[in-house]
Amino acid sequence: MIEDEAAPRRKRGAALGELAREDLDVYAVEELEDRIADLKAEIARTEARLEKKRSGRSAADSLFKL
């Protein structure tokens, strides 16, 4: 049986780096507005995850301080 080699995994944050290097001159105004809306939604998702992790960490810290 021949095994297919898996593609190498991308590093964390690689997609964001690629996004930052993308040429924005080719986008129309509406496309740029849509892009901004998508990025704001991703920021909100990231902030929510960060808050969840901080809450979990805070709960664990308070448990072990007893």
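This one's a predicted model, so the numbers in the text were calculated from it and none came from an experiment.

Peer 1: Hey, could you run me through a nonpolar patch on the surface in this one?
Peer 2: A grouping of L16, L19 and L39 is seen on the molecular surface, where their side chains present a nonpolar patch of about 250 Å² in accessible area. Note on placement: L39 falls in helix α2 (residues 29-64).

Peer 1: Help me understand a negative patch on the surface, please; the structure alone is not making it clear to me.
Peer 2: There is a patch of like negative charges on the surface, built from E30, E31, E33, D34 and D38. Along the chain, E33 turns up in helix α2. Classification of E33 as partly exposed rests on a relative accessible area of 49%.

Peer 1: How do you make sense of the environment of R10 when you look at a structure like this?
Peer 2: Along the polypeptide, R10 turns up in the segment before α1 (14-21). Sequence separation between R10 and K65 is 55 residues, and the spatial gap between their C-alpha atoms is 38 Å. With residues up to four places along the chain from it excluded, the contact list for R10 reads A15 and E18.

Peer 1: Please clarify how a positive patch on the surface should be interpreted in this entry.
Peer 2: Taken together, the side chains of R9, R12, R49, K52 and K53 present a region of like positive charge at the surface. Along the polypeptide, K52 turns up in helix α2.

Peer 1: Please explain the pattern of salt bridges as it appears in this structure.
Peer 2: As a working rule, side chains carrying opposite charge can pair if their charged atoms are close by. For the coordinates displayed, the defined rule picks out 3 salt bridges. R10 is the salt-bridge partner of E18, the closest N and O atoms lying 4.0 Å from each other. When its relative accessible area of 53% is taken as the criterion, R10 is described as exposed. Residue E42 pairs with R45 through a salt bridge whose shortest N-O separation is 2.8 Å. Of this pair, E42 and R45 both sit in helix α2, separated by 3 residues, roughly a single helical turn.

Conventions we followed
Residues numbered from 1 in each chain as written. Predicted model: local features only at pLDDT ≥ 70, side-chain atom pairs only at ≥ 80, totals over all residues. Heavy atoms only, no water. Patch = residues over 30% accessible without salt bridge, like charges linked within 9 Å, V, L, I, M, F, W, Y side chains within 5 Å. Areas by Shrake-Rupley, 256 points an atom, 1.4 Å probe, with all protein chains shown as cover. Salt bridge = Lys/Arg side-chain N within 4 Å of Asp/Glu carboxyl O. Helix = DSSP H or I, 4+ residues; strand = E, 2+ residues; numbered from the N terminus. Lys, Arg positive; Asp, Glu negative; His and termini not counted. Charge placed at Lys NZ, Arg CZ, Asp CG, Glu CD. Buried < 20%, exposed > 50% of the residue type's maximum accessible area, 1.4 Å probe, protein only. Contact = heavy atoms within 4.5 Å.

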